[in-house]
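Chain by chain, the residues:
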Amino acid sequence: MKMELWQVTTEDGLTLDGCWQTPETPRAAVILLHGTGSNFYSSAVGNALAPVLLERSLAVLRINTRGHDLVATQGGKRRGAAYEVVDDCRHDLKAWCDRAAREVPRVFLVGHSLGAVKAVYSQVHAPHPGVVGVVAISPPRLAYSWFHEHAPEFRDTFAEAQQRIALGRGNELMDVTFPLPFLTTAAGYVEKYGPDERYHLLNLLPQLKLPTMVVLGTKEMEGNIAFRGLDEAVRAVHPAVTVEVVAGADHIYNGCRRQLGDLVLGWLAAQNPVNAEV
């Protein structure tokens, strides 16, 4: 097995880091996308999936998007999850898909949490010719209407963010607790969770023209409003999407990662009927 540290430069000039691992004769490549505030080397789900994929002769590219870590600095500018605009993931994924496709022509995107949303969003708005399928593991429902109806805490947090923007303090950091504890700018919170719902999974999936699987855990659906009822909601908006639910799984699949790996491998194999080993 070969392992290399890679860097790519996006079309808008940002340098990103990742790790390429490949068996001698890879059948396809899998790009693993981390979630909010994580990175290519510390994603619990990505780290669990990588060796399982490699065992089945799949090349693995673990990547940073520009939302890696909570706060990062590059070129004198603050970046990271607290400052990112999710739409920019289009540039990140194009650069990484271009690089992976130079080695292996068939590429799958496998994202966890916000990385799952980015995988879907990027292939709706900037589809890459090398990408042949998407696996979205625990993609949160980023839906203003849903949160506004079901979560009073969201209404309060969103109103505070709007107020800061109105006062010219849109770049000011907020320590928020909904839909999860994290740090973000007021402008970033409104952009991500605003009423246009540009990152709402249920709006994006019907536009995605690729084989897709969505995986969710029962614990996260029971315990977090961003995931409640999402399995049935996905089935309703796009019956062609494969939906799998892992019993007892929380958001990072503690104690359930082997089952998660089996689901991902099984779905990937189904996308390549010529060779069921993939």
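You'll find the structure just up there.
The structure presented is a predicted model; accordingly, all values stated were derived computationally and were not measured. (Residues numbered from 1 in each chain as written. Predicted model: local features only at pLDDT ≥ 70, side-chain atom pairs only at ≥ 80, totals over all residues. Heavy atoms only, no water.)

J.: How should the packing of aromatic side chains be read in this particular structure?
T.: Centre-to-centre distance and the angle between the planes together describe a pair of aromatic rings. Scanning all chains against the criterion turns up 15 aromatic pairs. Pairing Phe 154 with Tyr 193 gives two aromatic rings, centres 6.4 Å apart and planes at 75 degrees, and the pair type is edge-to-face. With Phe 154 in helix 5 (residues 152-166) and Tyr 193 in helix 6 (residues 186-193), this residue pair connects regions lying 39 residues apart in the sequence. The burial state of Phe 154 is the same as that of Tyr 193; both residues are buried. An aromatic cluster of at least three residues, connected via ring pairs, comprises Tyr 144, Phe 147, Phe 154, Phe 158, Phe 178, Tyr 189 and Tyr 193. The ring of Trp 6 has Arg 99 lying over it, and the distance from NZ or CZ to the ring centre is 3.7 Å. In this arrangement the basic side chain of Arg 141 is found over the ring face of Trp 146, its NZ or CZ atom lying 3.9 Å from the centre. (Phe/Tyr/Trp six-rings, centres within 6.5 Å; stacked < 30°, edge-to-face > 60°. Helix = DSSP H or I, 4+ residues; strand = E, 2+ residues; numbered from the N terminus. Buried < 20%, exposed > 50% of the residue type's maximum accessible area, 1.4 Å probe, protein only. Lys NZ or Arg CZ within 6 Å of the ring centre and 35° of its normal.)

J.: So what exactly am I meant to see when it comes to the sheet that holds strand 7 (residues 107-112) here?
T.: Two strands in a sheet stick together by hydrogen bonds in their backbones, pointing the same way (parallel) or opposite ways (antiparallel). On the basis of which strands lie adjacent, the open sheet formed by eight strands has the order 1-2-4-3-7-8-11-12 and mixed pairing. The outermost strands of the open sheet, each flanked by one partner alone, are strand 1 (2-9) and strand 12 (242-246). Each strand of the sheet is rotated relative to its neighbour by a mean of 20 degrees, with strand direction disregarded. Here six bridges tie strand 3 (residues 28-33) to strand 4 (residues 58-63), and the two strands are oriented parallel to one another. Bridging across to strand 4, Val 30 finds its partner in Val 60. Relative to the sheet, helix 2 (residues 89-103) contacts strand 1, strand 2 (15-22), strand 3, strand 4, strand 7 and strand 8 (131-137), its axis offset from that of strand 1 by approximately 140 degrees. (Pairing = 2+ DSSP bridges. Axes fitted to C-alpha atoms, helices over the stretch in contact; angles between N-to-C directions. Contact = heavy atoms within 4.5 Å.)

J.: Would you explain the pairing of strand 8 in this entry?
T.: Taken residue by residue, a regular strand's side chains alternate between the two faces of the sheet. Of all seven residues making up strand 8, six are buried, and the element is well covered by its neighbours. Pairing geometry for strand 7 and strand 8, over six bridges, is parallel. Note on strand 8: the bridge partner recorded for Gly 111 is Ala 136. Regarding the hand of the β-α-β motif, the stretch spanning strand 7, helix 3 (residues 114-125) and strand 8 is right-handed. Sheet topology note: the strand 8/strand 11 (residues 212-217) ladder contains four bridges and is parallel. Directly across from Ala 136, in strand 11, lies its bridge partner Val 214. (Right-handed = clockwise from strand over helix to strand, strands pointing away.)

J.: Is there a simple way to explain the side chain of Thr 157 in this structure?
T.: Relative to the helices and strands, Thr 157 is located in helix 5. When near neighbours in sequence (up to four residues on either side) are disregarded, Thr 157 contacts Met 174, Val 176 and Tyr 189.

J.: Teacher, can you tell me more about the nonpolar core here?
T.: Nonpolar side chains in soluble globular proteins tend to end up buried together. In terms of nonpolar packing, the biggest core is built from 61 residues, with Ile 31, Leu 109, Val 120, Tyr 189 and Val 234 touching the most fellow members. When residues in this core are grouped by element, the largest group, seven residues, is from helix 3. Ignoring any residue separated from it by four or fewer positions in sequence, one finds Ile 31 in contact with Leu 61, Ile 63, Trp 96, Cys 97, Ala 100, Val 107, Phe 108, Leu 109 and Val 110. Formed by 27 residues, the second largest nonpolar core is a distinct cluster that contains Val 30, Phe 108, Val 215 and Ala 249. (Core = buried A, V, L, I, M, F, W, Y, C linked by side-chain atoms within 4.5 Å.)

J.: I'm lost on the packing of helix 1 (residues 44-55) against helix 10 (residues 257-270) in this one. Help?
T.: How two helices sit against one another is set out by the angle between their axes and by the gap between those axes. Contact geometry of helix 1 with helix 10 gives a least axis separation of 10 Å together with a crossing angle of 55 degrees. One element, helix 1, and the other, helix 10, form an angle in the oblique class. Note that helix 1 runs across helix 10; the crossing there is right-handed. Contacts between helix 1 and helix 10 involve Ala 44, Val 45, Ala 48, Leu 49, Val 52 and Leu 53 from the first element and Arg 257, Arg 258, Leu 260, Gly 261, Val 264, Leu 265 and Leu 268 from the second. Its residues assigned to classes, the contact of helix 1 with helix 10 comprises ten nonpolar, one polar and two charged. (Parallel < 35°, antiparallel > 145°, perpendicular 65-115°, else oblique. Left-handed = near helix turned anticlockwise from the far one by under 90°. Nonpolar A, V, L, I, M, F, W, Y, C, P; charged D, E, K, R; others polar.)

J.: Explain helix 5 to me, please; I cannot follow it from the model alone.
T.: Residues separated by three or four positions in an α-helix point in the same direction, a consequence of the helix having 3.6 residues per turn. Counted at 1.5 Å a residue, the expected span for helix 5 with its 15 residues is 21 Å, and the 21 Å between its end C-alpha atoms agrees. Turning to helix 5, its buried residues number three or more, namely Phe 154, Thr 157, Phe 158, Ala 161 and Arg 164. For helix 5, the angular spread of the buried residues around the axis is 120 degrees, confining them to a single face. Opposite the packed face of helix 5, turned more than 90 degrees from it, sit the exposed residues Asp 156, Gln 163 and Ala 166. Of the residues trailing helix 5, Gly 168 is marked for its positive phi of about 80 degrees. (Expected span 1.5 Å × (residues − 1). Arc of directions from axis to C-beta.)

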